[in-house]
Structure formats: C-alpha cells, structure tokens
Amino acid sequence: MQRAVGAAALALATCIGAVCAVPTALAAAAPAPGGEATVASPPSAFAPYLILRAAGTGMLMSDRYDKEPTSWRSADGRRIPSDCGAGQARLGDEVACTVGKELKIRNYASGATESVPARENRAWSTAISPTQVLASEKDADGHWLLHLLGRANEPRKDVPVTGVGAMSSYAVLDSDARGALVEYWGAGAEGKHRHGVLDYATATMKELPEAPGGGSTYNHVGLGSKWIAMVQFDKAVMVSRTDPAVVRTVANDKYPGRVLAVGDWLIADSGDASDPVVKAYPSDGSAPRPVLDQLDGPLVLGADGSAYGLSTVNGSSRWAVHRISVDAQGALRVQEALAVPARPADRRSIAIAQGDLSALHVDSTESVLGYRTSVSGPPSITQAPVWRCDRSKTDPFCPEAASRFGGTAATGDGRIVGMAAANGCSSRCAVTVHIRDARTGGAHRTVKLPGELSHARIVSASGRHLLVSAEVNDVAGALVLDIDAGKVLDIKPTSAAGLWGSLLWQPEGDKGVVAATDLRTGQVVRRVDLQSGCRPYEFRANGDWFYSTCSADGAGAAAYQAQTGRRIPLPFVAERPLGPLALGDGYVVHENYGVVSVYNLRSGALVREHQASGYPGNNITDWAVDRFGGRLAYLDQEETLHVVGVTGAASPLAVIDQNVPGTLDAKTAGSRQARWWLSKPVSSWKLMARNKTSGVTTVVRTGGETRGVVDLTWDGKDQTGRAVLNGAYEWTLLATPADGQGAPLKATGSVTLTGATFAAGRGRP
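As a starting point, this report considers the structure included with it. For clarity, every value in this text was computed on a predicted model and none was experimentally measured. (Residues numbered from 1 in each chain as written. Predicted model: local features only at pLDDT ≥ 70, side-chain atom pairs only at ≥ 80, totals over all residues. Heavy atoms only, no water.)

**Comments concerning the overall build of the protein**
Line of reasoning, step 1. Looking only at helices and strands, the protein features zero helices and 66 strands.
Line of reasoning, step 2. Scaling as 2.2 N^0.38, a compact globule of 765 residues should have a C-alpha radius of gyration of about 27 Å, whereas the protein reaches 35 Å, well beyond that.
Line of reasoning, step 3. Each principal axis of the C-alpha distribution contributes one length, and for the protein these read about 110 × 70 × 50 Å.
Line of reasoning, step 4. Across the 765 residues of the protein, 52% fall into the buried class.
Line of reasoning, step 5. Counting only contacts in the protein whose residues sit at least 6 apart along the sequence, the fraction spanning at least 24 positions is 46%.
Line of reasoning, step 6. With an accessible surface of roughly 31,900 Å², the protein has 51% of that area assigned to carbon and sulfur atoms. (Helix = DSSP H or I, 4+ residues; strand = E, 2+ residues; numbered from the N terminus. Rg over C-alpha atoms; globule rule 2.2 N^0.38 Å. Buried < 20%, exposed > 50% of the residue type's maximum accessible area, 1.4 Å probe, protein only. Contact = heavy atoms within 4.5 Å. Areas by Shrake-Rupley, 256 points an atom, 1.4 Å probe, with all protein chains shown as cover.)

**A look at the nonpolar core**
Line of reasoning, step 1. By size, the foremost hydrophobic cluster in this structure holds 25 residues, and its most contacted members are L208, I228, M230, I267, V291 and I324.
Line of reasoning, step 2. When residues of this core are traced back to their parent elements, those giving at least two are β20 (220-223), β21 (227-232), β22 (235-240), β24 (259-262), β25 (265-268), β26 (278-282), β27 (289-292) and β28 (294-301).
Line of reasoning, step 3. Of all the elements, β28 adds the most residues to this core, at three residues.
Line of reasoning, step 4. Once residues lying within four places of it in the same chain are set aside, the contact partners of I267 are R258, V259, L260, V262, V278, K279, A280, L299 and I324.
Line of reasoning, step 5. Listed in part, the 24 residues of the second largest apolar core include L712, V724, Y729 and L753. (Core = buried A, V, L, I, M, F, W, Y, C linked by side-chain atoms within 4.5 Å.)

**What to know about the packing of aromatic side chains**
Line of reasoning, step 1. A complete count under the given rule lists eight aromatic pairs for this structure.
Line of reasoning, step 2. The interplanar angle of 20 degrees and the centroid separation of 6.5 Å between the aromatic rings of W72 and Y108 together place this pair among those described as stacked. Here the residue W72 occupies a position in strand β6 (residues 71-73), and Y108 occupies one in the loop between β10 (103-107) and β11 (113-116), the gap between them amounting to 36 residues. Each member of the pair, W72 as well as Y108, is classed as buried. (Phe/Tyr/Trp six-rings, centres within 6.5 Å; stacked < 30°, edge-to-face > 60°.)

**Let's talk about the pattern of salt bridges**
Working definition: two side chains of opposite charge can pair if their charged atoms are close together.
Line of reasoning, step 1. All chains considered together, the criterion is met by 42 salt bridges.
Line of reasoning, step 2. Among the ionic pairs, D346 bridges to R343, the shortest N-O distance being 3.7 Å. Taken as a pair, D346 and R343 share a single burial class, namely buried.
Line of reasoning, step 3. Ionic pairing is found between D413 and R415, a salt bridge with its closest N-O pair at 2.7 Å. (Salt bridge = Lys/Arg side-chain N within 4 Å of Asp/Glu carboxyl O.)

Right, dumping it as structure tokens:
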C-alpha cells in the first residue's frame with residue numbers, strides 16, 4: 001500500500017443494510033482477536049525529531065512535526081507538557097504564555113505559577129526575567145515602544161525602555177535573566193536596521209556596532225553572559241555586553257548559521273550541512289577547537305550562561321542535549337545535560353507472504369530487512385532481522401526490490417519484487433522489475449518491461465508470476481511476468497485481473513463470470529460466476545475467494561467464495577473516497593484515511609474484526625496482507641511493525657503451481673529440478689515415487705517446515721543415496737499444513753526417469 005504520512009484519523013462509517021455504526025475519535029486500538037505481535041525499528045543514526053527551545057535545570061523541547069505537545073523534560077525522567085500554544089517567552093525552566101490577556105508564567109522545575117495582569121495598550125513580548133516582563137505599545141504613529149512590566153516581586157510595574165526611539169518593527173532574538181538581544185528597524189523612511197542589547201536593571205537599550213563597511217548589520221548574532229557574538233559572512237566580532245565600544249575580532253574560518261558567546265569563546269557551527277562540526281573560537285585569536293560533532297537545531301543560551309544544543313560529540317553517535325560551559329579558569333567544558341530517546345529508523349514499503357516479512361529501512365544507508373513471523377496460533381515475530389541487504393558499491397540495487405516507485409510484493413516462495421524507473425522518471429518511463437532472494441547474500445535479478453509505461457504498479461505476486469498494471473500511451477492495461485524465465489508472457493490481461501499461482505483470472509462477458517487461464521498452457525481451465533450480474537471493474541483473486549466491484553465508485557462491492565457459492569456484500573460504498581483494499585484468505589483489509597480495518601468473512605458473514613489506527617494523528621503509514629495465510633502487517637508512524645492474526649478456519653492446503661518435468665534425466669542437471677508452489681506453509685513434507693512396473697514405492701526426499709515452495713533436485717537416488725531403476729513412476733507429494741487447519745495435502749503426477757546409474761546390487765526396483 002502507498003505510504004500516507006500525516007493523514008487525519010477519520011472515523012470509519014460502516015453501513016450494512018439499515019444498520020450504521022459511526023465510531024467516535026479513536027483511542028488506542030483494541031486488542032486484535034487473532035493476536036498481535038510487534039517489532040520496534042532500530043535506532044536511527046539521524047537526530048531525534050526534537051527541537052531544543054530553552055535550557056534550565058530541565059529542557060523545553062518541541063516535536064519537529066507536532067506529533068506531540070511541547071514539553072519540559074528533566075534528567076530524572078519527568079516530562080511535563082507545556083500549557084502554552086505558539087506564543088511563549090522562555091527563561092530556563094520558566095515559560096510564559098504570551099497569547100492571552102494576562103501573562104501566565106509557570107516554573108516547570110518547582111511547579112510555581114504566576115499571573116501578570118494585562119496593562120492597557122500593552123502587548124506581551126517574548127522575553128521575561130525573574131522580576132520583569134518585556135512588553136510593547138504602539139504610539140500615535142503606529143510605531144513600537146518597549147516597556148518593562150514588573151512581576152509580583154518587582155515594585156516597578158511599568159518602566160519605559162530608553163536609549164532607543166520608536167521602532168517600525170522589532171524582534172527579540174535572545175534573552176537571559178539580565179537582558180535581551182533585540183533586532184529592530186527605526187521609525188520613518190530612513191529607519192536603520194540595527195541590533196541592540198537591553199539591560200533590564202537600567203531599562204536601557206544600547207545600540208550595537210554596525211557591520212564593517214557601514215550601512216548594514218550583522219547576519220547572525222548571539223547573546224552571552226559576557227560578550228555578544230556578531231557575524232557577517234566570514235567576519236566575526238565579540239562585543240562587550242557592558243560596553244559595546246569594546247570589540248574583539250575573532251578569526252572564524254566559515255560562514256556560520258548559529259552563534260553564541262560562552263565566556264571568552266565564540267561558539268559557531270560551520271553553516272555547512274556536509275560539515276556539521278561546532279567549533280569554539282577564542283577571542284584572543286588562537287586556534288579554534290571542535291566542541292560538538294553534529295548539531296541539529298539551534299544553539300540555546302541557558303539560564304546558567306552556557307550554550308546548549310541537541311547534538312553528538314566526537315567519538316559517539318548518540319544524540320543528547322549537551323552543555324558547553326567554561327570553568328573558573330575560562331577553559332571549555334562539554335557535558336551531557338539530558339539524554340533523549342533515539343529516533344527510530346524510517347521504515348517503508350513492507351511486504352509479507354508465507355509469514356516472511358520485509359521492510360525497507362531508510363537511514364544512513366538504504367537497507368532491506370527481513371523478519372520471520374509464526375504461521376500458526378497467535379502471531380509472533382523475530383525481534384532481530386533474519387536477513388538483510390544494504391545498498392553498497394557491491395550491491396547497488398538492494399533497495400529496489402522494496403521500491404516505493406510502484407510498490408513491493410513478496411512472491412511467497414522466498415523472494416521479494418519491486419520496480420524502478422530510469423533516471424527518476426515519473427511518466428512514460430522505462431521500468432525495470434527487481435527480484436531479490438530474501439536471504440543474506442541472496443541473488444538479485446532484473447527484468448526490463450517493454451515500452452514506456454506510466455503509473456506502473458505491482459498488483460500481485462504469486463510464486464514465479466507477477467501481475468503489473470500500467471498505462472501504455474495513456475491506455476490502461478496489464479502485464480504478466482514469469483520472473484524465473486525473465487520475460488513478459490504473451491498473454492494480454494485486462495486492467496481487472498487477478499493472479500493466484502499459475503492461474504490468471506479475468507472477466508468473461510458482462511454478467512459477473514470470471515475465467516482462469518493456466519499460464520503454463522494458455523488454456524482456460526475454470527470459470528466462476530460471481531453472482532454480481534456485472535462485469536467486474538475492480539477484481540482480486542485468492543484461492544477460492546474473490547472480490548469485485550461493478551463500477552469506479554465501488555458499487556456492488558462484494559466478496560464471493562466459490563466453494564460455498566456465498567456472496568457477501570461489503571460496506572465500502574458508504575465511504576468516500578473508496579480506499580485501497582486487499583483480499584486475503586477469507587478476509588479483506590480496507591484503508592480509509594490512514595485507518596485500516598480487517599473484515600473477517602470466514603464464517604460466511606461480514607465481521608469487522610480489527611481496526612488498526614494507533615491513535616488520532618498517528619495513522620497507519622503502510623500495510624500489506626499475507627495472501628498465503630491469515631496475517632495483516634502494518635507500519636505505524638512510530639516506525640513499529642505490527643503483525644495481526646485473523647481468526648477462523650483458513651482454506652485447505654493446496655498446490656497452486658508446479659514445475660515437474662515429464663521426463664527426468666538423472667545425468668542432466670537442467671532436467672532434474674522439480675518445484676511445487678503451495679498455498680500456505682507446511683510443517684513437514686514427503687515426496688515418494690512408485691515404480692509403475694514393480695509397484696515398489698521409494699521415499700525420494702523429506703523435509704521439515706517449508707514456506708511457499710517445495711524445491712528439490714532429483715538425481716535418480718532415494719534419500720539414503722541409493723539409485724533407483726529407470727522407468728515410469730507415479731510421484732506423490734504429501735504435506736502437513738503448518739497452521740493445523742484442513743486436511744494434509746496429497747498431490748500426484750507422473751514422471752519417467754532415465755539416466756539413473758547404480759553400483760551392482762544396490763539398485764532399487
């Protein structure tokens with residue numbers, strides 16, 4: 001399914017006949033009746049989705065994508081959501097909400113609260129001190145004037161700020177307990193762009209120097225307890241906070257994007273994403289030294305005068321909030337101030353078949369990781385991947401088998417497939433199918449699709465066959481691939497086609513009949529009347545289960561089971577838009593605005609058995625159905641993989657495709673391979689061969705748990721190594737379903753053995 005990050009978790013309206021149920025806003029999903037297993041994503045090498053806002057004894061941090069509220073976090077594990085919305089003034093552990101009439105201040109470390117009453121014609125600014133609050137008013141000409149309003153412990157309740165005239169605009173860039181760094185534009189047509197430092201104790205603003213050359217100001221400035229750092233391109237100065245006439249030139253080697261002053265040091269990043277090291281430049285002109293290995297987000301001036309940043313340090317890839325401070329001798333110190341949870345690595349493009357699950361991981365490199373789930377009882381999943389491949393110089397196409405371009409699919413016989421377009425093409429593209437053996441070091445093969453295709457998409461995969469929909473010259477169509485042979489088959493399926501094993505199902509006529517063509521022979525071998533009375537517009541096939549609609553708007557949506565002849569209407573017509581749907585073995589999975597619902601059909605009636613949505617705003621981002629069993633896999637926005645079981649009786653075990661030679665030459669390697677593709681995993685299997693002349697039966701091979709395909713090479717010997725006589729044989733494949741549901745499988749056929757050799761007296765009749 002397509003990844004749909006950020007969709008609102010809308011309630012799913014279900015209407016069947018005259019009965020409608022409309023859920024309210026969703027909380028945590030209810031437990032899945034069929035059981036559920038999860039595996040968290042490994043930690044990412046990249047920075048957490050957090051932004052550092054303020055630093056005191058704890059840290060005020062916001063979520064980069066607003067998935068959770070801004071919160072104050074402490075080293076002892078406390079985490080308190082902020083009461084404010086967008087408007088905040090911050091000072092260490094104190095946060096003031098600036099959007100209301102009265103200013104509400106909360107100290108998150110102590111729990112103390114305070115309210116500063118509104119003053120007429122005063123607007124709150126974004127700076128506070130332990131005793132005062134910065135506010136502004138507009139004069140008769142619409143220009144800004146600054147005021148310091150006293151808090152509860154300050155007798156001076158309204159003090160005008162002097163040293164600067166009316167301003168046409170201003171912004172507080174940084175502040176601490178002693179004052180604020182302000183950027184402003186003077187009133188009038190000639191109003192100049194300046195920076196100033198406001199001293200709370202004297203209520204005066206001192207103008208800071210212009211950049212060299214005059215007529216302009218510095219690009220980046222940062223407040224410190226002793227100095228103010230000011231940078232214009234590659235020129236940097238340190239300006240005394242108490243006397244702006246005292247200026248020291250600092251030799252910096254790059255144009256930084258973020259600067260602060262700590263002690264006698266200018267702290268600056270490189271301004272270059274490819275070189276994220278943060279350095280400290282001494283004001284005496286000596287050589288700089290690195291202090292942070294990587295910085296994500298701003299450098300923040302802490303209440304203690306230190307610089308804080310969400311960062312890594314040299315020798316460690318772990319992200320944390322680090323403090324840059326100076327000791328009594330002025331030497332720099334870098335310490336971890338707050339550990340932060342690692343961001344999970346991005347996962348995308350999941351696929352599952354026969355209980356084997358794969359996911360594309362996008363982090364410092366692109367990788368495909370494979371996990372194994374149980375195939376009987378409630379689901380479980382390996383917490384560590386059982387195989388992986390990583391994009392590298394020696395394996396450059398690994399991720400394309402889990403491509404996001406046209407979807408990915410698991411074939412059910414130990415392979416995954418994906419597609420890629422040449423040179424990032426999006427329309428009328430040369431498209432290549434990538435096939436990967438799902439094991440560490442597995443082979444990787446490609447098949448080029450003919451012509452230039454638009455909207456190419458994998459519809460389904462089953463064993464050696466792959467069904468792809470695409471537009472050729474703006475005309476919708478489909479292609480069938482034999483990925484073993486590496487070619488597109490001559491058959492031309494319609495856009496409403498379904499694939500199951502060796503059978504390609506397509507509409508026949510306009511009365512609801514579908515016909516199955518055996519891709520091995522090209523002959524129609526079966527027909528089913530879906531009892532819809534219409535030509536299927538959308539169609540899926542899975543064993544004896546079928547899904548179809550009659551039109552683009554979902555009219556006539558229904559499932560049909562050929563074994564019982566029962567047609568089960570589905571409720572999706574009442575939902576707009578009609579979301580993606582997948583058909584499993586006796587169940588359908590439907591997505592509506594990021595909410596995925598499992599509808600169980602195995603009892604013959606429609607039961608919405610499970611709804612996967614996480615919580616409002618945390619919707620499903622990708623999902624896949626195991627067509628060869630009762631499992632739904634989905635991925636939530638925390639990058640956690642979920643595997644959900646489906647209750648009820650599964651379909652019986654069956655051979656859905658086979659490639660068994662009619663004549664087997666024991667001397668010729670190319671003719672000795674035999675394969676049987678199975679509808680679901682087996683716990684054990686046995687292949688026997690009965691000599692048609694003597695009637696003697698030989699056990700050829702046996703095996704344990706097998707998922708998807710029994711694949712063997714018969715060299716004319718039994719499993720003990722003894723050769724058997726040439727001649728005509730009837731083979732029998734016996735297999736036991738791993739889920740314990742349904743009768744054991746018994747499949748038979750004929751083969752003629754030639755070229756067998758054996759030592760005298762050791763042959764079997």
